[in-house]
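Structure at a glance
Each chain, written out:
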Amino acid sequence: MNTLETFYKSRLPHYTPIGGTFFVTFRIHNALPLSVMQALQWEYQREIERIRKTSLGAQARRALIAKARYAYFKQYDDRLDNRKSDRCFFSDPALCASLADHLHTFDDDLYELKAYCIMPNHAHLLLSLGNQLADHHHFLLDEDELVSSYQPLHRIMQRVKGASARFLNQELGRTGTFWQKDSYDHYVRNAKAYENILYYILRNPEKAGLVGDWRNYRFTYHA
């Protein structure tokens, strides 16, 4: 019998509770050199192992692990923001518009789209899967119904990236891999974290020096 997936592992472990809200960052293939990503991941994994070996209590360890994960993401995103290469396909507004339209096609179906920002070589999403827990009449589904219908985050991202890769490549007149296979995702645990992440997404173009005021950046959205 199939079971609901709450955890998966690619290059790094991912915790994705049923019906959760998630912050996702995905990038164009080879937007960062493999050596850079490997160094960041190795440093992150080494820090996690160090934390786990301490004599601290479980709650203190979880707090340190969360802090290490944020530090990993910050270094990762800073490098994407500062990376100038031929992989900055979303410097083209037409391509940004195509991806934005695609993200909206799944809204209120696979997820509730809360926010996004499309940067030159990557994109940030804030989305909730809570809408999948109920039917069209807003009645909660039972476990058997969820098992047969629920789409976990990594499956959703496969659909988002798979379909968009085809038409984005077509618009660019190119072939080959468009998106990097792995994505960064983070489970949003509370209202404070949600507000911090929303603020980060919307202000990313300003932080990266693309605009003086984030409100002037065309390819950000929040519900």
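Residues numbered from 1 in each chain as written. Predicted model: local features only at pLDDT ≥ 70, side-chain atom pairs only at ≥ 80, totals over all residues. Heavy atoms only, no water.

1. Concerning the sheet that holds strand β7 (residues 220–222)
The criterion, for reference: At least two DSSP bridges between two strands are needed for those strands to be called paired. Helix and strand assignments follow DSSP, with helices taken as H or I runs no shorter than four residues and strands as E runs no shorter than two, numbered in order from the N terminus. In this analysis, axes come from line fits to C-alpha atoms, helices being fitted only over the stretch in contact, and the angle between any two N-to-C directions falls in the range 0 to 180 degrees.
The strand order β6-β3-β5-β4-β7 describes an open sheet built from 5 strands, whose pairing is antiparallel. Edge positions in the sheet fall to β6 (184–187) and β7, since each of these pairs with one other strand and no more. For this sheet, the mean inter-axis angle between neighbouring strands, taken without regard to orientation, is 15°. Of the pairings in the sheet, the one linking strand β3 (residues 21–27) to β6 comprises 4 bridges and is antiparallel in character. In the strand pairing of β6, Val24 is matched with Asp185.

2. Focus on the environment of Tyr44
Quick note on the threshold: Accessible area is worked out with a 1.4 Å probe on protein chains only. A residue is then buried under 20% of its type maximum, exposed over 50%, and partly exposed in between.
For Tyr44, the position within the fold is in helix α1 (residues 34–52). With a relative accessible area of 10%, Tyr44 lands in the buried category. For the pair Tyr44 and Phe73, spaced 29 residues apart in the sequence, the C-alpha separation amounts to 9.6 Å.

3. Examining the pattern of salt bridges
A side chain with one charge may pair with a side chain of the opposite charge, provided their charged atoms come close. This is how the line gets drawn: For salt bridges, the criterion is a side-chain nitrogen of Lys or Arg within 4 Å of an Asp or Glu carboxyl oxygen.
Going through the model one piece at a time under the given rule, you end up with 8 salt bridges. Notably, a salt bridge pairs Glu43 with Arg46, separated by 2.8 Å at the nearest N-O pair. Residue Glu43 and its partner Arg46 are both found in helix α1; the two are separated by 3 residues, about one turn of the helix. Residue Glu43 is classed as partly exposed on the basis of its relative accessible area of 40%.

4. With respect to the confidence of the model for the protein chain
Note the threshold: pLDDT gives the predictor's per-residue confidence on a scale running from 0 to 100.
In the predicted model, the protein chain carries a mean pLDDT of 90, and 93% of its residues have values of at least 70. When pLDDT is averaged over each helix and strand of the protein chain, the minimum, 51, is found for strand β1 (residues 7–9) and the maximum, 98, for strand β4 (residues 112–118).

5. Some thoughts on α1
What counts here: How far a helix is expected to stretch is found by multiplying one less than its residue total by 1.5 Å. Think of it as the arc spanned by the lines of direction from the helix axis to the C-beta atoms.
Between its terminal C-alpha atoms α1 stretches 27 Å, which fits the 27 Å expected from 19 residues at 1.5 Å a residue. Taken as a whole, α1 has its buried residues at Met37, Leu40, Gln41, Tyr44, Ile48 and Ile51. Down the axis, α1 shows its buried residues gathered within 95° of arc, on one side only. When the buried face of α1 is taken as reference, the exposed residues oriented beyond 90 degrees from it are Ser35 and Trp42.

6. A word on the packing of aromatic side chains
Just so we agree on the cut-off: Only Phe, Tyr and Trp rings are paired, with Trp represented by its six-membered ring, and only when their centres lie within 6.5 Å; those with planes under 30 degrees apart are stacked, over 60 edge-to-face, the remainder tilted.
Summed over the entire model, instances satisfying the criterion amount to 17 aromatic pairs. Arranged with centres 6.3 Å apart and planes meeting at 5°, the rings of Tyr72 and Tyr76 form a pair that is stacked. Placement of both Tyr72 and Tyr76 in helix α2 (residues 58–82) is noted, with a separation of 4 residues, approximately one turn of the helix. The two residues Tyr72 and Tyr76 agree in class, both being buried. The rings of Phe23, Tyr44, Tyr72, Phe73, Tyr76, Tyr184 and Tyr200 are connected pair by pair, giving a single aromatic cluster.

7. Some thoughts on the nonpolar core
In summary, soluble globular proteins display a tendency toward joint burial of nonpolar side chains. This is how it is decided: The set of buried Ala, Val, Leu, Ile, Met, Phe, Trp, Tyr and Cys residues whose side-chain atoms join them within 4.5 Å is what this entry labels a nonpolar core. By definition in these notes, contact holds between two residues if any of their heavy atoms fall within 4.5 Å.
Counting 62 residues, the largest nonpolar core has Phe90, Tyr111, Leu125 and Trp179 as the members making the most contacts within it. Elements that contribute at least two residues to this core include exactly β3, α1, α2, α3 (93–105), β4, β5 (122–128), α5 (153–172) and α6 (191–207). For Leu125, the residues in contact, after removing those within four places along its chain, are Phe22, Phe23, Val24, Phe26, Leu103, Leu113, Ala115, Tyr116, Met157 and Ile201.

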